[in-house]
Amino acid sequence: MTNKLLLLPGDGIGPEVMTEVERVLDRLMSRHGLKLDVETALFGGASLDEEGVPITDAVVATAKSAQAVLMGAVGGPKWASVARDLRPEMGLLRLRKEMDVYANLRPALCFAALADASGLKRHLVEGLDIVFVRELTGGVYFGTPRGIETLADGSKRGFDNQVYTSAEIRRVARVAFELARKRSNKVTSLEKSNVMESGLLWRQEVTALHASDYSDVQLEHMYADNAAMQLVRAPQQFDVLLTDNLFGDVLSDLAAACTGSIGLLPSAALGDAGKPGLYEPIHGSAPDIAGKGLANPVAAILSLEMALRWSLGEVGLADQLYRAVEAALNNGARTADLGGSLSSTDMGTAILAAL
Ligand code: NAD
Ligand code: IPM
Ligand code: MN
């Protein structure tokens, strides 16, 4: 049976970076022996405009029946005033939840050729290779009750709920420990157990799992605010960073800036073994540059690389693609976010040439 890959270009720069992914896919299939059944569907604002919802039941079903799903980005000012439940971003949250992809691997890796593109000094980022394991289907993103209510005096009260169960914490922590064993064997678990009850439970569960199953891995606990500071002060102290949904969202954007540009960082959202993975650049739809051919397609192309590696059983091709991106950067290929002048298409072409 041929593996199925579902592409969800989405909105803004999503379709622009996905075009470059498709060129890479075509090349891998025509010249490198990759066999895949590739489908494309509407997602986010594009789906809302066409279907009245940010993702249809049919697309969710297709995603669950695929081996991997690769998305561009969703959202944008056009849909800013749409009802909360219909917002493009809600389509993404629904997809993550229904696919049950609870562990979001967000590598932040500084390519040697880009050490000077970082906002941080070269010696801080040269060789940087850290990875976030961000919990993706729980926490304040999904906790109830949530809402905005009107109080007796006519003023309003907005509220969200940060909730984690032992099982939710343990399953994502297990992914972080397993990953650390294949890397430098260190996990730093981030929370604010000094302030939050869910943070305290997080620390307790991670500590207990470590003691019972992973005592060979070095475990460190750190408050998330300190971690933000450490990430710009001395990011190389980390290997695997384990976080809840919200801290992981915020801190992975911060880590992206350490590596040079958010246009470089891919991610893999994984569930239990054998289940399909959801692959997404960590950047959004970038409304400020959408439609101008300026978007860096590397994050999307490296998301394909992660899909080949983690869901499609094509580790050899993933290695080749990774080396092609690295070689293109070594040859000086730079989009505007990296201080260069290449268009998205030129960057895709440079990577294809290296491949
Ligand atoms: P953003 O990531 O879209 O953009 C932040 C900044 O980074 C902008 O200046 C943008 O131009 C730049 N940037 C992002 N990707 C780039 C790329 N590939 N190449 C070059 N520059 C790039 O974040 P935002 O502006 O806060 O959000 C815009 C919209 O995207 C919002 O609707 C938000 O909800 C949505 N969003 C979606 C996703 C997703 O679909 N996974 C992720 C983040 C944000
Ligand atoms: C991300 C994005 C999403 C998130 C939004 C668009 C729902 O910021 O993937 O980083 O907050 O998880
Ligand atoms: Mn984000």
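Here we summarise the structure given alongside this text. Just so we're clear, the structure is a prediction, and the values are computed from it rather than from any experiment.

1. Overview of the site of ligand 2
Around ligand 2, the neighbouring residues are Glu-89, Arg-96, Arg-106, Arg-134, Tyr-141, Asp-249, Glu-280 and Ile-282. The contact in question runs from an oxygen atom of ligand 2 to an N or O atom on the side chain of Arg-106, over 2.9 Å. Here an oxygen atom of ligand 2 and a side-chain polar atom of Tyr-141 are 2.6 Å apart. The fraction of the free accessible surface of ligand 2 (320 Å²) that becomes covered by protein chains is 77%. When we break the shell around ligand 2 down by domain, the ones giving at least three residues each are domain 1 (1-102 + 271-355) and domain 2 (108-264).

2. Quick look at helix α10 (residues 298-310)
In this model α10 runs 18 Å from its N-terminal to its C-terminal C-alpha over 13 residues, within 8% of the 18 Å that 1.5 Å per residue would give. When we look at burial in α10, the residues that qualify are Val-298, Ala-299, Ala-300, Ile-301, Leu-302, Ser-303, Leu-304, Glu-305, Met-306, Ala-307 and Leu-308.

3. Observations concerning the packing of aromatic side chains
The geometry of two aromatic rings is summed up by the distance between their centres and the angle between their planes. Summed over the entire model, instances satisfying the criterion amount to three aromatic pairs. Judged by centre distance (5.6 Å) and plane angle (25°), the rings of Phe-111 and Tyr-322 are stacked. Here the residue Phe-111 occupies a position in the loop between β4 (103-109) and α5 (122-125), and Tyr-322 occupies one in helix α11 (residues 315-330), the gap between them amounting to 211 residues. Here Phe-111 falls in the buried class, since its relative accessible area comes to 5%. Look at Phe-177 and Tyr-214: their rings are 4.9 Å apart centre to centre, the planes differ by 15°, and that puts the pair in the stacked class. Pair noted here: Phe-177 is in helix α6 (residues 166-181) and Tyr-214 is in the loop between α7 (197-213) and β9 (218-223), with a separation of 37 residues, a long-range link. The class of Tyr-214 is buried, set by a relative accessible area of 2%. Here Lys-97 stacks its cationic end above the ring of Phe-142, 4.7 Å away from the centre of that ring. Positioned over the ring face of Phe-159 is Arg-157, at 4.9 Å from the centre of the ring.

4. Section: helix α3 (residues 57-65)
All buried positions along α3 are accounted for by Val-59, Val-60 and Ala-63. Axial view of α3: buried residues confined to an arc of 100°, hence all on one face. Across from the buried face of α3, at angles greater than 90 degrees, the exposed residues are Asp-57 and Ala-58.

5. What to know about the site of ligand 1
With respect to spatial proximity, 22 residues lie near ligand 1, and among them Val-74, Glu-89, Gly-284, Ala-286 and Asp-288 are the closest. Val-74 places a main-chain nitrogen or oxygen 2.8 Å from an oxygen atom of ligand 1. When the free accessible area of ligand 1 is taken as 800 Å², the share hidden by the protein chains comes to 69%. Here the shell around ligand 1 is built from residues that sort into eleven nonpolar, seven polar and four charged.

6. What to know about the packing of α11 against helix α12 (residues 344-354)
Where α11 contacts α12, the two axes come as close as 8 Å, and the packing angle between them is 120°. Judged by the twist between their axes, the crossing of α11 over α12 is right-handed. Mapping the contact onto sequence places Leu-321, Ala-324, Val-325, Ala-327, Ala-328 and Leu-329 in α11 and Met-347, Ala-350, Ile-351 and Ala-354 in α12.

7. Things to note about unusual backbone geometry
A negative phi angle characterises most non-glycine residues, just as the trans form characterises most peptide bonds. Residue Pro-145 follows Thr-144 across a cis peptide bond; omega there is 0°. Here Pro-145 lies in the loop between β5 (129-135) and β6 (147-150). Positioned with a positive phi, Asp-100 is a non-glycine residue whose angle comes to about 55°. Of note, Asp-100 is situated in the loop between α4 (88-99) and β4. With a relative accessible area of 25%, Asp-100 lands in the partly exposed category.

8. Things to note about the environment of Lys-156
Looking at where Lys-156 falls in the secondary structure, it is placed in strand β7 (residues 156-159). Separated by 30 residues in sequence, Lys-156 and Glu-126 place their C-alpha atoms 48 Å apart.

9. So, the environment of Ala-176
Mapping Ala-176 onto the fold places it in helix α6. For Ala-176, a relative accessible area of 0% puts it in the buried group. Note: C-alpha distance between Ala-176 and Asn-104 (72 residues apart in sequence) is 9.9 Å. Residues within four places of Ala-176 in sequence aside, it is in contact with Val-133, Val-187, Val-240 and Leu-242.

Rules used throughout
Residues numbered from 1 in each chain as written. Chains lettered and ligands numbered in written order. Predicted model: local features only at pLDDT ≥ 70, side-chain atom pairs only at ≥ 80, totals over all residues. Heavy atoms only, no water. Near = heavy atom within 4 Å. Polar contact = N/O pair within 3.5 Å; in protein donor to acceptor, adjacent residues only side chain to side chain. Areas by Shrake-Rupley, 256 points an atom, 1.4 Å probe, with all protein chains shown as cover. Domains from an automatic or database assignment. Helix = DSSP H or I, 4+ residues; strand = E, 2+ residues; numbered from the N terminus. Expected span 1.5 Å × (residues − 1). Buried < 20%, exposed > 50% of the residue type's maximum accessible area, 1.4 Å probe, protein only. Phe/Tyr/Trp six-rings, centres within 6.5 Å; stacked < 30°, edge-to-face > 60°. Lys NZ or Arg CZ within 6 Å of the ring centre and 35° of its normal. Arc of directions from axis to C-beta. Nonpolar A, V, L, I, M, F, W, Y, C, P; charged D, E, K, R; others polar. Axes fitted to C-alpha atoms, helices over the stretch in contact; angles between N-to-C directions. Left-handed = near helix turned anticlockwise from the far one by under 90°. Contact = heavy atoms within 4.5 Å.

Taken by themselves, the reported measurements are silent on function.
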